[in-house]
Amino acid sequence: MPNAKVLSEKQAIVASLTEKLQSAAAGVIIDYKGITVAEDTALRAECRKNEIEYAVVKNTLLRFAFNNAGLSELDDQLNGTTSLAIAADPVAPARVIADFAKKLNGKFEIKGGFMDGKVIDMATVNALASIPALPVLQAQVLGTMLAPISGLACVLKQIAEKQGAPAEEAPAAE
């Protein structure tokens, strides 16, 4: 039987994990068995860059936190080596972890995930992972919006040149 001090420390860890799970928009649990220290350091740096909280967590403590947060369906996944990646961005954990798993070819795999307080299946995790980062999405939308305008400008320029009018030079930026 653990003494009262150890028990209270573990209860504090579970309470903190529960609070983080409830406040996170999404997260994934990962089997990290077989990765090297250098690979783990690279993963942690990538997670920090994308504002993802990544930590290795004991299965028992995580099981208590999942049960407190209403995510008890993930209990089956809590065996072996387990780490947790959570973030306020619903897409970032799945995307970053899936990209990292592809680089390592099987040494690192996603066990399961959750979003908005509900457990999601692996198909949903993979779908989230395939969504590009926000700056890429913004560039794609802007490109889509500008394409018709650019096309119209090119057509009008060609019509003007065909009718013998000289093409106007754009003023140089000063």
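Worth saying up front: this structure is predicted, and the values here are computed from it rather than measured. (Residues numbered from 1 in each chain as written. Predicted model: local features only at pLDDT ≥ 70, side-chain atom pairs only at ≥ 80, totals over all residues. Heavy atoms only, no water.)

(A) Representation of the nonpolar core in the model. Formed by 26 residues in total, the largest nonpolar core has its most connected members in Val28, Ile97 and Phe108. If you tally residues by element for this core, the top one is helix H4 (residues 92-104), at eight residues. Setting aside its immediate chain neighbours within four residues, isoleucine 97 contacts Val28, Ile30, Leu43, Cys47, Ala85, Phe108 and Ile110. (Core = buried A, V, L, I, M, F, W, Y, C linked by side-chain atoms within 4.5 Å. Buried < 20%, exposed > 50% of the residue type's maximum accessible area, 1.4 Å probe, protein only. Helix = DSSP H or I, 4+ residues; strand = E, 2+ residues; numbered from the N terminus. Contact = heavy atoms within 4.5 Å.)

(B) Region of interest: the environment of glycine 80. Along the chain, the position of glycine 80 falls in the loop between helix H3 (59-69) and strand E3 (83-87). Between the C-alpha atom of glycine 80 and that of glutamine 22, which follows or precedes it by 58 residues, the distance is 24 Å. Those residues in contact with glycine 80 that sit more than four places away from it in its chain are Asn59 and Lys111.

(C) Spatial organisation of the packing of helix H2 (residues 37-49) against H4. H4 packs onto H2 with a crossing angle of 155° between their chain directions and a minimal axis gap of 10 Å. When the axes of H2 and H4 are compared, the pair comes out roughly antiparallel. H4 is crossed by H2, and the crossing has right-handed handedness. Between H2 and H4, the contacting residues are Glu39, Ala42, Leu43, Glu46 and Cys47 on the first element and Val96, Ile97, Phe100 and Leu104 on the second. Class assignment of the residues belonging to the contact of H2 with H4 gives a composition of seven nonpolar, no polar and two charged. (Axes fitted to C-alpha atoms, helices over the stretch in contact; angles between N-to-C directions. Parallel < 35°, antiparallel > 145°, perpendicular 65-115°, else oblique. Left-handed = near helix turned anticlockwise from the far one by under 90°. Nonpolar A, V, L, I, M, F, W, Y, C, P; charged D, E, K, R; others polar.)

(D) A look at the sheet that holds strand E2 (residues 53-56). Strand order in this open sheet of five strands is E2-E3-E1-E4-E5, and the pairing throughout is antiparallel. Strands with a single pairing partner mark the edges of an open sheet, and in this sheet they are E2 and strand E5 (118-120). Taken pair by pair, the neighbouring strands of this sheet meet at an average axis angle of 20°, ignoring direction. Judged from the five bridges that link them, strand E1 (residues 26-31) and E3 form a sheet pairing that is antiparallel. (Pairing = 2+ DSSP bridges.)

(E) Local environment of empty space enclosed by the protein. As enumerated under the stated definition, the model contains one cavity of 30 Å³ or more in all. Computed from the structure, the largest cavity encloses a volume of approximately 30 Å³. Lining the largest cavity are Ala26, Gly27, Val28, Pro90, Pro93, Ala94, Ile120, Val125 and Leu128. Of all elements in the fold, only E1, H4 and helix H5 (122-129) reach the threshold of two or more residues within the lining of the largest cavity. No other element matches the three residues that E1 contributes to the lining of the largest cavity. (1 Å grid on protein atoms, 1.4 Å probe; cavity = no way out; pocket = protein on both sides within 12 Å on 5 of 7 lines; lining within 4 Å. Points joined across faces, edges and corners; volume = space filled by probe spheres on them.)

(F) View of the pattern of salt bridges. In the structure shown here, the tally under the stated rule is three salt bridges. Of the charged contacts in the structure, one is a salt bridge between aspartate 40 and arginine 44, with a shortest N-O distance of 2.9 Å. On the criterion of helical spacing, the pair formed by aspartate 40 and arginine 44 is a turn pair, its members being four residues apart in helix H2. Classification of arginine 44 as partly exposed rests on a relative accessible area of 27%. Across the salt bridge formed by glutamate 46 and lysine 49, the nearest N and O atoms sit 3.6 Å from each other. Taken together, the residues span about one helical turn, with glutamate 46 and lysine 49 both in helix H2 at a distance of three residues. A relative accessible area of 30% means that glutamate 46 is categorised as partly exposed. With a relative accessible area of 62%, lysine 49 lands in the exposed category. (Salt bridge = Lys/Arg side-chain N within 4 Å of Asp/Glu carboxyl O.)

(G) Local environment of unusual backbone geometry. Positive phi outside glycine occurs at glutamate 51, with the angle close to 55°. Relative to the helices and strands, glutamate 51 is located in the loop between H2 and E2. Its relative accessible area of 69% is what places glutamate 51 among the exposed residues. The residue aspartate 116 is not glycine, and still its phi comes out positive at about 50°. Here aspartate 116 shows up in the loop between strand E4 (109-115) and E5. Assessed through its relative accessible area of 56%, aspartate 116 is described here as exposed.

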